[in-house]
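Residues per chain are reported as follows:
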Amino acid sequence: MGYGIIIQIGIIMSVNLEKLTSLAKRRGFIYPGSDVYGGLSGTWDYGPLGIGLKRNIMNLWWKMFVDERDDIYGVDAAILMNQKVWQASGHVDTFTDPLVECANCKGRFREDKLDNPNKCPNCGKENSFGEARAFNMMFKTNVGPISDENSISYLRPETAQGIFTNFKNVVDTFYPDLPFGIAQQGKAFRNEISPRDFVFRSREFEQMEIEYFIHPDNWKDSFEHWIGECKRFFDELGLPSEMIHELEVMEDDRAHYSKRTIDFEFDFPIGREELMGLAYRTDFDLGNIQRVSKKSMEYRVKGTNETFIPHVIEPSFGVERALMAVLSAAYTEDEVNGEQRVYLKLPAHLAPIKYAVSPLLKNKPELVEKAREVYQLLKQKYGNVMWDDNGNIGKRYRRQDEIGTPYCIVVDFETLDDDMVTVRDRNTTEQQRLPIVNI
Ligand code: ATP
């Protein structure tokens, strides 16, 4: 297992997957799915803090790419779609991973992810794999009470097709000028052969995708624009630029319809791995829909007779991988007054709890009453504010540090006279007194 290195005030610290997974569980971010029944491999449940962080990441993306732009339209398509969607897109035939089975222990593995393709990682037996077979990763189901060929459906393996199938609807209702985009966030499902590495490779996860429709002549400029936009988003996630690497995907490794693909990789605790992808998908998807549905996907340039099927640039983000990158970049260990502490250096706009409010002593009713007042005030203003009167102040600080709360506010006897509170900064641990009205 690889280790990401974090340097904090001259001390070298490492964050590994165990530390991250255990903090996530212990502090209520992410629990293993169906844990009480022994789990279900590749599934994860978000706890109160995890859903807070995840929503903040997804809302940031929506704000940057939908709300703050006037050329991108949001949609929310159904997860279950007509099976023709997945036939036309090629997923039924080709959305596969190479599966090998060990003749000795019967373990099944994804061949292209094996460190040594001739040795079983489970039982250690050499040359025990037979021929790889193509394993389709879509979860198949039937819609309605009759299970036959016509009722087959799939849990969507990507959100993108819900965008392409609504291309014509958006054009007909909004008639936007090219270039314009359609954005969608939502669940995607892949029956991964070996889910692993915390939420990095899950069977149920969430995507944030944009299909940006363009005139084919402009694809290079548009691709550059989206490289910049992806980097802007990474900055807002608080990911250090030196931990992000652009991998130009070579022709042999690209999907056959893609003329250019960049994988943005991140230095995860498990090593350098794909965070998200940016692809020029040409007119492959809309062309397929037109061919199979027999409905025109052509766009007519306003005021002209020029018609063509738009091409598309696709930035495809995975929420879990973004969240895992944010957590690993934020995880920090340092020493305060000779004591080791762990804290999450989350950007304030992503932290699930922005302020924690405490009375200095919880057995002094006048302090509790005043602290409750401050808490209500801030809760109305910011929403994500926590009441914390458990244990002594030191313990509260440690707990809030570990969940990444940027500021802890303490109400003491002086507050009763001057309406000022102590505000403690998570990163520096410095405290200052501020008037309540200024927070
Ligand atoms: P990989 O090669 O790691 O399997 P991919 O190239 O198949 O990923 P895409 O199909 O490009 O992934 O999906 C777009 C994004 O969705 C990925 O960059 C990733 O962030 C996310 N993603 C894909 N598969 C998973 C998964 N099993 N668990 C969590 N996120 C995923």
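Analysis parameters
- Residues numbered from 1 in each chain as written.
- Predicted model: local features only at pLDDT ≥ 70, side-chain atom pairs only at ≥ 80, totals over all residues.
- Core = buried A, V, L, I, M, F, W, Y, C linked by C-beta atoms within 7 Å.
- Buried ≥ 20, exposed ≤ 12 C-beta atoms within 10 Å, placed from the backbone.
- Helix = DSSP H or I, 4+ residues; strand = E, 2+ residues; numbered from the N terminus.
- Domains from an automatic or database assignment.
- Pairing = 2+ DSSP bridges.
- Axes fitted to C-alpha atoms, helices over the stretch in contact; angles between N-to-C directions.
- Contact = placed C-beta atoms within 7 Å.
- Parallel < 35°, antiparallel > 145°, perpendicular 65-115°, else oblique.
- Left-handed = near helix turned anticlockwise from the far one by under 90°.
- Nonpolar A, V, L, I, M, F, W, Y, C, P; charged D, E, K, R; others polar.
- Near = placed C-beta within 6 Å.
- pLDDT = per-residue confidence, 0-100.

So, about the nonpolar core. Within the largest apolar cluster, 96 residues are counted, with the highest numbers of intra-cluster contacts made by Ile57, Ala322, Leu323, Ala325, Val326, Val357 and Ile409. Among the elements that take part in this core, helix 9 (residues 319-330) stands out by supplying nine residues, more than any other. The residue makeup of this core includes at least three contributed by each of domain 1 (4-95 + 137-328) and domain 2 (353-438).

Within a sheet, each strand pairs with its neighbour through backbone hydrogen bonds, oriented either parallel or antiparallel. Read from one edge to the other, the open sheet built from seven strands follows the order 5-11-12-18-15-14-13, with strand pairing classed as mixed. Each having just a single partner strand, strand 5 (72-75) and strand 13 (244-248) make up the two edges of the open sheet. Across this sheet, the average inter-strand angle for adjacent strands is 25°, counted without regard to direction. Relative to strand 14 (residues 260-268), strand 13 is paired through five bridges, and the arrangement is antiparallel. Counterpart to leucine 247 in the pairing with strand 14 is aspartate 263. Taken strand by strand, helix 7 (residues 219-236) contacts strand 12 (204-214), strand 13, strand 14, strand 15 (271-282) and strand 18 (311-318), and its axis lies near 15° from that of strand 18.

What follows concerns the packing of helix 2 (residues 48-67) against helix 9. Relative to each other, helix 2 and helix 9 sit at 110°, their axes nearing to 10 Å. Taken together, the axis directions place helix 2 and helix 9 in an arrangement best described as roughly perpendicular. Handedness of the crossing formed by helix 2 with helix 9: right-handed. Between helix 2 and helix 9, the residues in contact are Leu53, Lys54, Ile57 and Met58 and Val319, Ala322, Leu323 and Val326, respectively. The class makeup of the residues in the contact of helix 2 with helix 9 is seven nonpolar, no polar and one charged.

Attention now goes to the sheet that holds strand 8 (residues 133-136). Reading across from one edge, 7-6-8 is the order of the three strands in this open sheet, with antiparallel pairing throughout. At either end of the open sheet lies a strand with only one pairing partner, and these are strand 7 (108-110) and strand 8. Going from strand to strand, the sheet's axes swing by 45° on average, the running direction of each strand aside. For strand 6 (residues 96-101) and strand 8, the ladder comprises four bridges, and the chain directions are antiparallel. For leucine 99, the partnering residue across the bridge sits in strand 8 and is arginine 133.

A few words now on the domain arrangement of the chain. The assigned domain composition of the chain is domain 1 (4-95 + 137-328) and domain 2 (353-438). Look at where the C-alpha atoms of domain 1 and domain 2 centre, and you get two points 39 Å apart.

What follows covers the site of the ligand. By nearness alone, 13 residues border the ligand, and Phe205, Gly277, Ser316, Gly318 and Arg321 come closest of all. In terms of residue count, the dominant contributor to the shell around the ligand is strand 15 (three residues). Of the residues in the shell around the ligand, the class split is two nonpolar, five polar and six charged.

The predicted coordinates of low-pLDDT regions are not to be read in fine detail. On average, the chain scores 94 in pLDDT, and the residues at 70 or more come to 97%. Of the regions scoring below 50 in pLDDT, residues 1-12 engages in 28 contacts with residues more than four places distant in sequence or in other chains.

A separate point is the environment of glutamate 236. Note on placement: glutamate 236 falls in helix 7. For the pair glutamate 236 and asparagine 337, spaced 101 residues apart in sequence, the C-alpha to C-alpha distance is 32 Å. In contact with glutamate 236, other than residues within four places in its own chain, are Leu60 and Met64.

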